[in-house]
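Here's the letter readout for the chains.
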Protein chains: 2
Amino acid sequence: MTIEIKIEHTTNKKEKPASMDGVVFGTQFTDHMFILDYDAGQGWHDARIVPYQPIMMDPAAKVFHYGQTIFEGLKAYATEDGRVLMFRPTKNIERLNISNERMSIPEVDPELALEALRQLILTDREWIPEGEGNSLYVRPFVIATEPTLGVSPSRQYKFMIILSPVGAYYAEGINPVKIFVESKYVRAVPGGVGMAKTAGNYAAGLKAQEGATELGYSQVLWLDGVHRKYIEEVGSMNVFFKINGIVVTPALNGSILSGITRDSIIQLLKHWDIPVEERILSIDELEEAHKEGKLEEAFGTGTAAVISPMGELNWQGEKMVINEGKTGELSAKLYETLTGIQKGVAEDPFGWTLEVKA
Amino acid sequence: MTIEIKIEHTTNKKEKPASMDGVVFGTQFTDHMFILDYDAGQGWHDARIVPYQPIMMDPAAKVFHYGQTIFEGLKAYATEDGRVLMFRPTKNIERLNISNERMSIPEVDPELALEALRQLILTDREWIPEGEGNSLYVRPFVIATEPTLGVSPSRQYKFMIILSPVGAYYAEGINPVKIFVESKYVRAVPGGVGMAKTAGNYAAGLKAQEGATELGYSQVLWLDGVHRKYIEEVGSMNVFFKINGIVVTPALNGSILSGITRDSIIQLLKHWDIPVEERILSIDELEEAHKEGKLEEAFGTGTAAVISPMGELNWQGEKMVINEGKTGELSAKLYETLTGIQKGVAEDPFGWTLEVKA
């Protein structure tokens, strides 16, 4: 299969950051972007890489009014020996289409999506920052562009990919954060769109996040919207707890995002013969485990941070300190192993990395 | 207070529809639009009316990725005696700011918003279609425009208003529609954003709507996301049932939109001494009332349709026909009265209409 992607190179290259120190996540973009158009009756067409630039949007475009949009997030890494690696990109493309299906957006050809990622990353190869913890954040997304106000699936879309060089998530090394257990606001509920990577889920979390920040907490821990007691996610990450030697993460129930880092962690734990359970987990069980000294470690997982240890949970004023507020042994080992695989310095027994070659 | 809105008139007027017959809702737009910008530290600034045109958006704009956006919908009417009326615009502006608050978007000055509505409608006065049932649909909305990928409230926004001439919702007179009671998908849940008029709520409803359409139904009736049995909304409208002489509508519980048509209906019913109750209402109660012959009328309420009678509810295969599938007496009276007030031909005891004067 030949996939034709036209490339228009920029004639006006931007200046790259001299160092990634102090560069805020997702604020710098590379020289090019990928665009693919969809029109009902015609399907997806006109795959192209063009200079990064603003797009013209009709003010009536459905994405502005009805939020029909999905996105993905993954990273490309420059290895010490000069190769470029993507981490499990086919999983992202698979999830992109799961999100598309849920949001009534037409499927994107997975082969074309992978080829688009490959060619765009190669085009902006020199933007991938070298050095420990640095990477190129890759953001594919689809937006509904039909300029009509009827509440119905759009008949026009754009699938785009933009790239952002990002620094180490932990500038001063991996460090636990304090988490506020949210009891007022809810992120998602089974039957809703919590399992899709769609914009509205993130907008829905902003208010709670602001409240947690005001109280000095980094993120909120979301409880389920039905019983208001089962753990769902932390901020926009999946979440794991080590309880009495067993690693527990909430089962995918339709309101939780099926994280690719989450899946990788589960596979790694199984590979290491460390017991891991995907099941329902209540805040009461965590509280009980903490009282008994059995809540040994807690961490969030996601593409941006990879592993984000949690040093404290505030549940209705009760502060549960975990592992004396320090990064746990298992959290650290998972972080080292996963980032090692991603950067091509550790063994990759699962074949997770894909080299991007010219 | 003087509010300065700069006006740039178009030099290239578009052709107006010769007749509103067959014009699909929200597909035609007028010659001008309103824009107001927001930048953190500066606040809202540069209120202006400009020719209707595409806007330039950075592909990283937060609205595309995290759905931070809200909107409103209201109508302006041309009366038979040549006046222009808006219907309860201050209620829309009030709700706009309630939505803004929930979605972590800065408040818009209500006086400026009203003045913007007024001046934009006057600028495009000749676009308001005359004739029974025709009106100018007014769509204010706010979008987050900051081009950064961190999940946090935007530091830049645009508040815009666009106008669309719309025809009678019922081209062949008011007619009941068939409704599918949704048991798989959920629109919203208390603690979420169901009470805000934000894009994600509408995206979340598309899949269920598609399923209902495939089965030959016009809309879905949403049940609550916690118990999966209490009535919430119908499609994107509020919903009312006349049961044994009493009109019942779901109470505002945090997951239901506080509709302005809903509020107007409740006030009209009270004015007429017809008993009306805002309370929880289960699908089981409706089923029971239907069996006993007490489910007398059912209708949705919203800006687009005003009143949309429901002639049949399909609940898990059981078809409940209401009022022999015909428009009920009360539904018809409410429709006549409300549209009469809106068009300036019926008495307006509540002072709901506001004349737009030069």
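Preceding this paragraph is the structure being described.
Heads up: these notes are all about the structure in this document.

Criteria and thresholds
- Residues numbered from 1 in each chain as written.
- Chains lettered and ligands numbered in written order.
- Predicted model: local features only at pLDDT ≥ 70, side-chain atom pairs only at ≥ 80, totals over all residues.
- Heavy atoms only, no water.
- Helix = DSSP H or I, 4+ residues; strand = E, 2+ residues; numbered from the N terminus.
- Buried < 20%, exposed > 50% of the residue type's maximum accessible area, 1.4 Å probe, protein only.
- Least-squares fit on C-alpha atoms with pLDDT ≥ 70 in both.
- Contact = heavy atoms within 4.5 Å.
- Expected span 1.5 Å × (residues − 1).
- Polar contact = N/O pair within 3.5 Å; in protein donor to acceptor, adjacent residues only side chain to side chain.
- Phe/Tyr/Trp six-rings, centres within 6.5 Å; stacked < 30°, edge-to-face > 60°.

Here we look at unusual backbone geometry
So, point 1. Residue A:Asn244 is not a glycine yet carries a positive backbone phi of 50°.
So, point 2. Examined against the element boundaries, A:Asn244 turns out to sit in the loop between strand S13 (238-243) and strand S14 (246-250).
So, point 3. In the Ramachandran plot, B:Arg88 falls in the positive-phi region, its phi being about 50° despite a non-glycine side chain.
So, point 4. Mapping B:Arg88 onto the fold places it in the loop between strand S7 (84-87) and helix H2 (89-102).
So, point 5. A relative accessible area of 9% places B:Arg88 in the buried class.

Observations concerning the relation of the copies chain A and chain B
So, point 1. Once turned by 180° and shifted 0.0 Å along the axis, chain A lies on chain B with an RMSD of 0.0 Å. Both copies of the chain, as the preceding transformation shows, are related through a two-fold rotation axis.
So, point 2. Comparing contact sets, 100% of the residues at the interface of chain A also lie at the interface in chain B, consistent with an isologous, same-surface contact.

A word on helix H3 (residues 110-123) of chain B
Residues and elements named next belong to chain B.
So, point 1. Spanning 14 residues, H3 covers 20 Å between terminal C-alpha atoms, matching the ideal 20 Å at 1.5 Å per step.
So, point 2. Within the sequence span of H3, burial applies to Leu112, Ala113, Glu115, Ala116, Leu117, Gln119, Leu120, Ile121 and Thr123.
So, point 3. Of the residues flanking the start of H3, the one acting as N-cap is aspartate 109, its side-chain oxygen 3.0 Å from the backbone nitrogen of glutamate 111.

Points about the side chain of B:Arg187
Residues and elements named next belong to chain B.
So, point 1. Positionally, arginine 187 belongs in the loop between strand S10 (177-181) and helix H4 (199-203).
So, point 2. Look at arginine 187 and you get buried, because its relative accessible area is 10%.
So, point 3. From its side chain, arginine 187 meets the backbone oxygen of glycine 194 in a polar contact 3.1 Å long.
So, point 4. Looking at arginine 187, its side chain comes within polar contact range of the main-chain oxygen of serine 255, at 2.8 Å.
So, point 5. Filtering out sequence-adjacent residues up to four positions away, arginine 187 remains in contact with Gly194, Asn201, Ala204, Trp222, Glu233 and Ser255.

Here we look at the packing of aromatic side chains
Ring pairs (aromatic) are described by centroid distance and by the angle formed between their planes.
Residue and element names in this part refer to chain A.
So, point 1. Applying the stated criterion to the full structure yields 31 aromatic pairs over all chains.
So, point 2. Seen from their ring centres, tyrosine 38 and tyrosine 157 are 5.6 Å apart, and the 65° between their planes marks the pair as edge-to-face. In this pair, tyrosine 38 is assigned in strand S2 (residues 32-39) and tyrosine 157 in strand S9 (residues 156-166), connecting sequence segments 119 residues apart.
So, point 3. On the basis of relative accessible area, tyrosine 38 is assigned to the buried category, the value being 17%.

Purely geometric stuff here, so don't read any function into it on its own.
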